[in-house]
Amino acid sequence: MSAVTACTWGAGSNETEELLTLARKLSSDGGGEFVWAVVGPADAAALQETAGKHGVTRIDRIESAALESYGADAYVEALAAYCEQREPSKLLFSQTFDARTVAPRLAGRTNTPVVMNALDLASGDEGRLLVTASAFGGDTRAVYRVAGDRAIVCVMANAVAAEPAGTATTPAIERVDVTPAGDERVRVVEAARTEGPRLEDAQVIVAGGRGLGDAANFALVQQLAEALGGMAAASRPIVDDGWTDAAKQIGLTGKIVRPALYIAAGISGASQHMAGCAAAKTIVAINRDPDAAIFRYARYGIVGDCVELLPELTKQVGR
Amino acid sequence: MPSIRIVVCAKEVPDPDAVNSYAVAGRLEIGDDGKTLTQTAIPRLMNAYDEQAIEAALRLRDAGAECRIDVVTAGRDAASLLRHAAALGADEIAAIDVDASAIDYHVAARLLAAYIETTGGADLVLCGRQASDDDQGVVPALIGERLGMPLITVARDVQLADGSAVRVTRVTPDGDEVVEAACPAVVTVSSELGPPRYPTARQTMAARKKQATVLSPGELGVGDEEMAPRVELVRQFVPEIHGNCEMVTGETAVEQAANLIAAFRESGVLS
Ligand SMILES: Cc1cc2nc3c(=O)[nH]c(=O)nc-3n(C[C@H](O)[C@H](O)[C@H](O)COP(=O)(O)OP(=O)(O)OC[C@H]3O[C@@H](n4cnc5c(N)ncnc54)[C@H](O)[C@@H]3O)c2cc1C
Ligand SMILES: Nc1ncnc2c1ncn2[C@@H]1O[C@H](COP(=O)(O)O)[C@@H](O)[C@H]1O
């Protein structure tokens, strides 16, 4: 029996519910049974609640001591074993940092076609999967047709808005036995350590771009961020030019954020930048050019000089 | 230290900055086939991350590693890409003779893996983190699985420990992570590696004489039945962004700032 299977691990997030929403849409579009596969430890009650809300018919728990924390080899091996046992026809992942490694490796391991950067899914002629994916850094959308009836797809954050199912379900929970070896070929010598707060968690972000005109003006961005209790960020060119450090870069090749408020000062709105911030709840654009692309994404826009406006905003916010 | 072989996989892509300039100007267009960019003025270049993958290999050589660096592309008409690779110091430049638009990344990976296998294997396979046309970032993982090699993604620094292990600094959302794996391994390189070098005029001249090895899929042992794409591009379009931007006006910056903050307060963006 064919199944649309959403696969997650670790703590649930916004993206999990988005993924479930998209998986449900595909399964009701003729994709088959709607399954949620969960790798590693998770709170059963919370899983069942979320799954029920989203109309999942079955939860498959893939558990083993080797899966208690993330390891690429163990996860790929466990998922390959899962695929062999349950034969999910469409296996969907949220495109997290680790899924970018696991999904294509699993595709290679199980000889299954894979598509990344998905924004939408549909059943085409003869039930063949159609995947709309971002390409050229967001400048275009590519629609791919996948041959055969199996596919692995990674779905981008914010592809769809999370939405509960019309009717809730009481999904059954099944355990799936896998026994990954658990020795990783890639050994962590020095773990990543976050220095201070993460842009990914910030509620307010003020970002500066080349329109700041001068490296010294990045301080104006930092001052407004501080006045708003938020964090400063940047577009790529000013990172490349050393006006600030690479950890502050937003975009396709930088951080992907979703703050409540994103103020973009002197940023043109190239799709590669917007790939990192388009999901912000409210975007404010400050740009000298009334035709700048950033205004198409913004909720509020000011046509003006950001070098004048930033300090003025800092001053007035403080009142 | 024994000599090792590094294979760098490099793909030719439409210049992403040019594509982007058209996009920002609202002039990016798709042709009658519904899937190809029409702008003929967009030059084709080596994918920037692949240039950085070559740079990573050259830095290993600079650091004293005794290595042979071979650069391979799956696609025909890649003369300028291969010449650039040769000018940078590639020992062998190789093209797999296929129409790049008629294959998918699974076929590309199958061919690249077959090249590596049939030409003596590799101690280190270096790729870009993703190709800037399709942005997929899957070919390196597929090569790794095919060849049974571990995969290390988004490297900002690549070091060899005595030729038998690779030590990589990865760029993760939580900061830099240092990992190590025994060779052979596949490593993908990210922009954080830093700018790649340019060949000198003399190197560029000399590279013109270098012959590319051209191999057909058949010569690599890849049969017709393995050449069928399973992920097929059927359509491409330029997304429309529906704005609902409210312009905040004012005679002066002081007024504009005041009006923006008032709008924030009204809509509850700021309390
Ligand atoms: C493969 C690839 C990946 C990329 N990844 C990223 C990425 O992750 N992040 C990223 O940001 N970019 C990325 N880029 C680059 C991206 O395409 C743009 O070039 C970049 O985002 C532009 O930065 P910017 O808006 O700061 O500068 P510009 O495009 O130069 O824009 C400056 C803007 O400031 C305005 N301006 C000028 N002076 C003033 C003033 N005094 N007051 C107010 N406004 C003013 C101008 O009107 C203009 O709109 C990538 C590109 C490629 C090809
Ligand atoms: N046709 C190709 N020829 C050579 N290398 C390729 C090709 N396609 C992909 N690659 C390599 O795989 C990386 C990721 O590509 P992709 O998976 O297409 O985003 C690229 O940066 C290259 O290093």
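Structure first, text after, so check above.
So, a few notes on the structure that sits alongside this text.

What counts, and at which threshold
- Going along each chain's sequence as written, the residues are numbered from 1 onward.
- Labels are handed out in written order, letters beginning with A for the chains and numbers beginning with 1 for the ligands.
- For a predicted model such as this one, the threshold for reporting local features is a pLDDT of at least 70, and the threshold for listing and counting side-chain atom pairs is 80 or more; totals across whole chains, interfaces and linings nevertheless cover every residue.
- The side-chain numbers reported here are obtained from all heavy atoms of the structure, hydrogens and water having been left aside.
- Numbering of helices and strands runs from the N terminus, with a helix taken as a DSSP run of H or I at least four residues long and a strand as a DSSP run of E at least two residues long.
- Whenever a nitrogen or oxygen atom comes within 3.5 Å of another N or O atom, the pair is scored as a polar contact, on the condition that within protein one atom can donate a hydrogen and the other can accept it, and that pairs from neighbouring residues in sequence are kept only if both atoms are in side chains.
- Contacts between residues were defined by any pair of non-hydrogen atoms, one from each residue, lying within 4.5 Å.
- Relative accessibility thresholds used throughout: buried, under 20% of the residue-type maximum; exposed, over 50%; partly exposed, between the two (1.4 Å probe, protein chains only).
- Think of it this way: DSSP has to see at least two bridges between two strands before they count as a pair.
- Note on geometry: axes are lines fitted to C-alpha atoms, helical ones only across the stretch in contact, with angles between N-to-C directions running from 0 to 180 degrees.
- Near is defined per residue: the residue qualifies when any heavy atom it owns lies within 4 Å of the molecule or strand.
- Here the open area of atoms and residues is found with the Shrake-Rupley method and a 1.4 Å probe, where only the protein chains shown may cover a residue.

## Remarks on the side chain of Thr110 of chain A
Residues and elements named next belong to chain A.
Link 1 in the chain: Relative to the helices and strands, Thr110 resides in helix H4 (residues 99-110).
Link 2 in the chain: Reaching out from Thr110, the side chain makes a polar contact with the backbone oxygen of Leu106 at a distance of 2.7 Å.
Link 3 in the chain: With near-sequence residues (within four places) excluded, Thr110 lies in contact with Ala80, Cys83, Arg150 and Ile152.

## Remarks on unusual backbone geometry
Link 1 in the chain: A cis amide bond links Cys183 of chain B with the next residue in sequence, Pro184 of chain B, at an omega value of 5°.
Link 2 in the chain: By the secondary structure assignment, Pro184 of chain B is in the loop between strand S9 (175-182) and strand S10 (185-189).
Link 3 in the chain: Positive phi, normally seen in glycine, also occurs at Asn117 of chain A, with a value near 60°.
Link 4 in the chain: As for its position among the elements, Asn117 of chain A is in strand S5 (residues 114-123).
Link 5 in the chain: The exposure class assigned to Asn117 of chain A is buried, which follows from its relative accessible area of 4%.
Link 6 in the chain: Unusually for a residue other than glycine, Asp77 of chain B sits at a positive phi of about 55°.
Link 7 in the chain: You can call Asp77 of chain B exposed: its relative accessible area is 72%.

## A few points about the sheet that holds strand S7 (residues 140-146) of chain A
Link 1 in the chain: Pairing within the open sheet is mixed, and its 10 strands lie in the order S9(A)-S3(A)-S2(A)-S1(A)-S4(A)-S8(A)-S5(A)-S6(A)-S7(A)-S12(B). The sheet is open, and its two borders are formed by strand S9 (172-177) of chain A together with strand S12 (231-237) of chain B, each paired with just one other strand. Pairwise comparison of adjacent strand axes, ignoring direction, gives a mean angle of 35° for this sheet.
Link 2 in the chain: The pairing of S5 of chain A with strand S6 (residues 129-135) of chain A spans 5 bridges and is classified as antiparallel. When the bridges of S6 of chain A are listed, Ala118 of chain A appears paired with Ala133 of chain A.
Link 3 in the chain: H4 of chain A contacts strand S1 (3-9), strand S4 (90-94), S5 and strand S8 (151-155) of chain A of the sheet and is inclined by roughly 80° relative to S5 of chain A.

## A few points about the site of ligand 2
Residues and elements named next belong to chain B.
Link 1 in the chain: The immediate surroundings of ligand 2 are formed by 19 residues, with Cys9, Asp50, Ala131, Gly137 and Val138 found nearest.
Link 2 in the chain: Taking Asp50, its side chain carries an N or O atom lying 2.4 Å from an oxygen atom of ligand 2.
Link 3 in the chain: At a separation of 2.8 Å, an oxygen atom of ligand 2 approaches a polar backbone atom of Val138.
Link 4 in the chain: Protein contacts shield 98% of the accessible area of ligand 2, which totals 480 Å² for the unbound molecule.
Link 5 in the chain: Only strand S4 (67-74), strand S6 (124-128) and helix H5 (139-147) provide two or more residues apiece to the shell around ligand 2.

Note that all results are geometric; they support no functional claim without further evidence.
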